[in-house]
Amino acid sequence: MDTAAAGPDLVRTVADLRARLAPWRAAGETIALVPTMGALHEGHLSLVRRARELASRVCVTLFVNPTQFGPSEDFGVYPRDEDGDRAQLAAEGAHLLFAPGLDEMYPEDHVTRVTVPGIGDVLEGEFRPGFFTGVATIVTKLLLQALPDVAVFGEKDYQQLQVIRRLAADLDIPVRIDGAPTVREPDGLALSSRNAYLTPEERAAAPALFNTLTTVAKRAADGENLAGLAVWGNFQLKGVGFSEVDYVTVRDAETLEPWPGHASGRPGRVLGAAKLGRARLIDNVPV
Ligand code: AMP
């Protein structure tokens, strides 16, 4: 165990993780897991605070998961700051940090993948082939390694949250999956480690994603044509400088299939993804 630097105790192996969690569990403590890729910001810290309310012990994981990055994506340059992350976690009262190396999570002979067809194939699954298989595989591993009572994920990555709910139910993993609200800048931009890629001009344009999705949600609730709203959203984003709009769409909040409309009684969710400079931003709001 590494305790030299400030912050929660740090473990790097699954064996050490389990050795630290076992006595807590034996003493009747409840355990919350907060999986992250690091470069922590207020959004991540809000999950830690929520985890502290939901359980008596909080374990944060920090692993930049290579299997969820495509070959042309930003794995190599994804922001990394383990010491800074650990200091922030200390301030929030997290109890344990699990920051495994690549070989611990994916030893050379590791071949198994977890795939969630259907809900994992659309939207992000379509524009980032292999992404959800990478996410599902690493989250399944983390859940089985730590066996927490509850695991906290952000609604910021809304489809990811629903994919994780699906896999936990399908694989009978005895964990409660908790979804936490998105933390935003005062101008509406959702906090994201990737916002660091934005130039000042792009940063000024970025809140248009949230604003556009919010307007689409209102107009969808008023019964406007959904295909027309998607075209309108695309046009808005292109107009402020987004280079590619992967999607702006209204979906069923649970299945992520096309939203059948208010009369169905089903909750809807507006989701969007678009490129702005070097960054690809995603966001979502309820209808
Ligand atoms: P990441 O490190 O980007 O993989 O995110 C780790 C967790 O933090 C995921 O459950 C995300 O959904 C969540 N998260 C990221 N950004 C935010 C945000 N702005 N508000 C709330 N949760 C967030």
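Residues numbered from 1 in each chain as written. Predicted model: local features only at pLDDT ≥ 70, side-chain atom pairs only at ≥ 80, totals over all residues. Heavy atoms only, no water.

Q: With reference to specific residues and values, describe the sheet that holds strand 4 (residues 96-98).
A: Read from one edge to the other, the open sheet built from six strands follows the order 1-4-3-2-5-6, with strand pairing classed as parallel. Looking at strand neighbours, the two that pair on one side only are strand 1 (9-11) and strand 6 (176-180), the edges of this open sheet. Neighbour-to-neighbour, the strand axes of this sheet turn through a mean angle of 25 degrees, independent of strand direction. As judged from the five bridges shared by strand 5 (residues 150-154) and strand 6, these two strands associate in the parallel manner. (Pairing = 2+ DSSP bridges. Helix = DSSP H or I, 4+ residues; strand = E, 2+ residues; numbered from the N terminus. Axes fitted to C-alpha atoms, helices over the stretch in contact; angles between N-to-C directions.)

Q: Account for the site of the ligand, with residues named and values stated.
A: What surrounds the ligand is a group of 16 residues, the closest being Met37, Gly154, Asp157, Val183 and Leu191. In this structure, an oxygen atom belonging to the ligand sits 2.8 Å away from a main-chain N or O atom of Gly154. Measuring from a nitrogen atom of the ligand, one finds a backbone N or O atom of Val183 at 2.9 Å. Its free accessible area being 490 Å², the ligand has 93% of it covered by the protein chains. At the level of elements, strand 2 (31-36), helix 2 (42-54) and strand 5 are the ones that each hand at least two residues to the shell around the ligand. Sorting elements by how many residues they give to the shell around the ligand places helix 2 first, with three residues. When grouped by side-chain class, the residues that make up the shell around the ligand number eight nonpolar, six polar and two charged. (Near = heavy atom within 4 Å. Polar contact = N/O pair within 3.5 Å; in protein donor to acceptor, adjacent residues only side chain to side chain. Areas by Shrake-Rupley, 256 points an atom, 1.4 Å probe, with all protein chains shown as cover. Nonpolar A, V, L, I, M, F, W, Y, C, P; charged D, E, K, R; others polar.)

Q: Any details on the pattern of salt bridges? Residues and values, ideally.
A: All told, the structure shown has 19 salt bridges when counted by the stated rule. Glu124 is the salt-bridge partner of Arg280, the closest N and O atoms lying 2.8 Å from each other. In this pair, Arg280 is assigned in strand 9 (residues 279-286) and Glu124 in helix 5 (residues 124-127), connecting sequence segments 156 residues apart. Pair check on accessibility: Arg280 and Glu124 agree, each one buried. With a closest N to O distance of 2.8 Å, Glu224 and Arg219 form a salt bridge. Given the relative accessible area of 25%, Arg219 is considered partly exposed. The structure contains a network of salt bridges with shared partners spanning Glu42, Arg49 and Glu92. (Salt bridge = Lys/Arg side-chain N within 4 Å of Asp/Glu carboxyl O. Buried < 20%, exposed > 50% of the residue type's maximum accessible area, 1.4 Å probe, protein only.)

Q: Lay out the side chain of Asp246 in plain terms, naming residues and giving numbers.
A: For Asp246, the position within the fold is in strand 7 (residues 244-252). Judged by its relative accessible area of 14%, Asp246 falls in the buried class. There is a polar contact of 2.8 Å between the side chain of Asp246 and the side chain of Arg280. Beyond its immediate chain neighbours, meaning those up to four positions away, Asp246 contacts Phe127, Ala273, Ala274 and Arg280. (Contact = heavy atoms within 4.5 Å.)

Q: Tell me about the environment of His44, residues and numbers included.
A: Topologically, His44 is positioned in helix 2. Sequence separation between His44 and Val183 is 139 residues, and the spatial gap between their C-alpha atoms is 8.7 Å. Residues contacting His44, with those up to four places away along its chain left out, are Thr36, Gly38, Ala39 and Ser193.

Q: Give me the lowdown on the packing of aromatic side chains, citing residues and values where you can.
A: Aromatic ring pairs are defined here through the distance separating the ring centres and the angle between the ring planes. A complete count under the given rule lists five aromatic pairs for this structure. Here the aromatic rings of Phe69 and Phe75 are separated by 5.4 Å at their centres, their planes lie at 65 degrees, and the arrangement is edge-to-face. Exposure remark for Phe75: the relative accessible area of 27% places this residue in the partly exposed category. One aromatic cluster in this structure is built from Phe69, Phe75 and Tyr78. The cationic tip of Arg128 hangs over the ring face of Phe131; the distance from NZ or CZ to the ring centre is 4.1 Å. The cationic tip of Arg219 hangs over the ring face of Trp232; the distance from NZ or CZ to the ring centre is 4.7 Å. (Phe/Tyr/Trp six-rings, centres within 6.5 Å; stacked < 30°, edge-to-face > 60°. Lys NZ or Arg CZ within 6 Å of the ring centre and 35° of its normal.)

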